[in-house]
Amino acid sequence: MPNPIPLGVFGFPAGHILSPVLHNKAAEELGLDYHYLAYEVHPDYLEEAVRGARAMGFRGLTITIPHKVAVVKFMDELSEDARLMGAVNTIIFEEDGRLIGHNTDGIGWLRFLEETTGEHPREKKCLVLGAGGAARAIAVKIAQCGAAHLEIRNRTYEKAMELAHFVEKSVPSSKVKGGGLDDLYSAADGCEIIVNTTSLGMWGNAERMATPPIPEDAIPNGCICSDAVYIPPDTEFLKAARRAGAQIVHGTGWLVYQAAAAWKMWTGVDMPTDIVMEVLHEALELRLGIEG
Ligand code: ATR
């Protein structure tokens, strides 16, 4: 019997990566012969590892921290999102040997937002907290959607300004404001969508986990609050948002939906996202129980 078709994720470190759980569950449920593994790839060997995967018959790869920007130069072709975001999180190995770089971070976030709330960033006032890799994908996607107003606030002011300029250059129709984390009240005033992409709220450090990225009384009633943090699924930000009368969009959904978009490109089949979401929650409970 031939081996399953290989898929995988390259990161550094890689021990914490949950995507094998998602993709292998999808393969099992659909009865498809794929197997997905996590590989710890040192940044110095990224090019060799990608070319090695092609030589070994991989159908696709997920690319995660810290490789998403560095891997761009090894691609033969980029999707529009990957080009605008300047980052690749999904590679397809074509049969003719070509490497196609995609980015499903923005579209995965948008699809889950739409499915959970029925809303879209078009014509909306949006605030992104943080200015790292996750912020870049989401801010570009929000700008592409035609938001009425987009503001990026970050602890390091310069990074917020850099990202604001990056988004305006990538999506020339957009107007993006940058700033620090001071006076989030004025930034959030009248906001319809707030996205946290900072690591505040994330499990692993008690103080960080207990700190919300924005004061609760700055969150407008009826606003949509989306968190990129997914460990724990119910972060301080989302708990505060719920109390403030906002709609909640969990980071777990974003994780599953960006994986689902990649899975569809590799296999041509829809990922059973409900079942995959269940298995993700089981894996998170196990992790929080054992290591928390
Ligand atoms: P990712 O790729 O997941 O976005 P990242 O690039 O490391 O991760 O970005 C982490 C984000 O969390 C950054 O915006 C970071 O702010 P700085 O640019 O100032 O470093 C933000 N962040 C991390 N710890 C934070 C803290 N204690 N308070 C506020 N923001 C924090």
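Reading the values: rules and limits
Residues numbered from 1 in each chain as written. Predicted model: local features only at pLDDT ≥ 70, side-chain atom pairs only at ≥ 80, totals over all residues. Heavy atoms only, no water. Helix = DSSP H or I, 4+ residues; strand = E, 2+ residues; numbered from the N terminus. Contact = heavy atoms within 4.5 Å. Expected span 1.5 Å × (residues − 1). Buried < 20%, exposed > 50% of the residue type's maximum accessible area, 1.4 Å probe, protein only. Patch = residues over 30% accessible without salt bridge, like charges linked within 9 Å, V, L, I, M, F, W, Y side chains within 5 Å. Areas by Shrake-Rupley, 256 points an atom, 1.4 Å probe, with all protein chains shown as cover. Salt bridge = Lys/Arg side-chain N within 4 Å of Asp/Glu carboxyl O. Lys, Arg positive; Asp, Glu negative; His and termini not counted. Charge placed at Lys NZ, Arg CZ, Asp CG, Glu CD. Domains from an automatic or database assignment. Buried area = accessible area lost by both parts, 1.4 Å probe. Pairing = 2+ DSSP bridges. Right-handed = clockwise from strand over helix to strand, strands pointing away.

S.K.: So what's going on with the environment of alanine 143? Which residues, and what values?
M.R.: Along the polypeptide, alanine 143 turns up in helix α5 (residues 133–144). Between the C-alpha atom of alanine 143 and that of arginine 122, which follows or precedes it by 21 residues, the distance is 8.6 Å. Discounting residues that sit within four places of it in the chain, alanine 143 has contacts with Leu150, Val167, Val171 and Ser174.

S.K.: Summarise helix α1 (residues 19–30); cite the residues concerned and give the values.
M.R.: Three- or four-residue spacings in an α-helix give side chains the same orientation, since the helix completes a turn every 3.6 residues. Between its first and last C-alpha, α1 extends 17 Å over 12 residues, near the 16 Å set by a 1.5 Å rise per residue. Of the positions making up α1, those classed as buried are Ser19, Pro20, Leu22, His23, Lys25, Ala26 and Ala27. Immediately beyond the C-terminal end of α1, within one or two residues, lies glycine 31, with a positive phi of roughly 65°.

S.K.: Tell me about unusual backbone geometry, and please be specific about residues and values.
M.R.: With an omega of 10°, the peptide bond between isoleucine 65 and proline 66 qualifies as cis. In this structure, proline 66 sits in the loop between β3 (60–63) and β4 (77–78). A cis amide bond links isoleucine 231 with the next residue in sequence, proline 232, at an omega value of 0°. Tracing the backbone through its elements, the reader meets proline 232 in the loop between β11 (224–227) and α9 (236–243). At glutamate 123, a residue that is not glycine, the phi angle is positive and equals roughly 65°. Looking at the element boundaries, glutamate 123 is found in the loop between α4 (105–117) and β7 (125–129). The class of glutamate 123 is exposed, set by a relative accessible area of 59%.

S.K.: So what's going on with a negative patch on the surface? Which residues, and what values?
M.R.: A cluster of like negative charges, contributed by Glu115, Asp274, Glu278, Glu282 and Glu285, occupies part of the molecular surface. Per-element accounting of the negative patch gives the leading share, four residues, to helix α11 (residues 273–291). Take glutamate 115: it is sitting in helix α4.

S.K.: Pulling in residues and values, what's your account of the pattern of salt bridges?
M.R.: A side chain with one charge may pair with a side chain of the opposite charge, provided their charged atoms come close. In this structure the tally under the stated criterion is 13 salt bridges. The partner of lysine 68 in a salt bridge is aspartate 105, and the shortest N-O contact between them spans 2.8 Å. Here lysine 68, found in the loop between β3 and β4, pairs with aspartate 105, found in helix α4; they are 37 residues apart in sequence, far enough to count as distant. Owing to a relative accessible area of 22%, lysine 68 belongs among the partly exposed residues under this scheme. Note that lysine 124 and glutamate 119 form a salt bridge whose closest N and O atoms lie 3.1 Å from each other. What makes lysine 124 buried here is its relative accessible area of 14%. Residues joined by salt bridges that share partners form a network here, namely Lys25, Glu28 and Glu29.

S.K.: Quick rundown of the domain arrangement of the protein? Include the residues and the values.
M.R.: Each domain of the protein was delimited in the assignment, giving domain 1 (5–103 + 253–291) and domain 2 (106–249). On a C-alpha basis, the centroid separation for the pair domain 1 and domain 2 is 24 Å. Across the contact, 19 residues belong to domain 1 and 22 residues belong to domain 2. Each partner contributes to the roughly 1900 Å² buried at the junction of domain 1 and domain 2, and carbon and sulfur atoms together form 71% of this total.

S.K.: An account of the pairing of strand β2 (residues 34–40) is requested, with residue identities and associated values reported.
M.R.: In the sheet, strand β1 (residues 5–11) pairs with β2 via seven bridges, with the strands oriented parallel. Bridging from a neighbouring strand, glycine 11 pairs with glutamate 40 of β2. Viewed along the sheet, the connection from β1 through α1 into β2 turns out right-handed.

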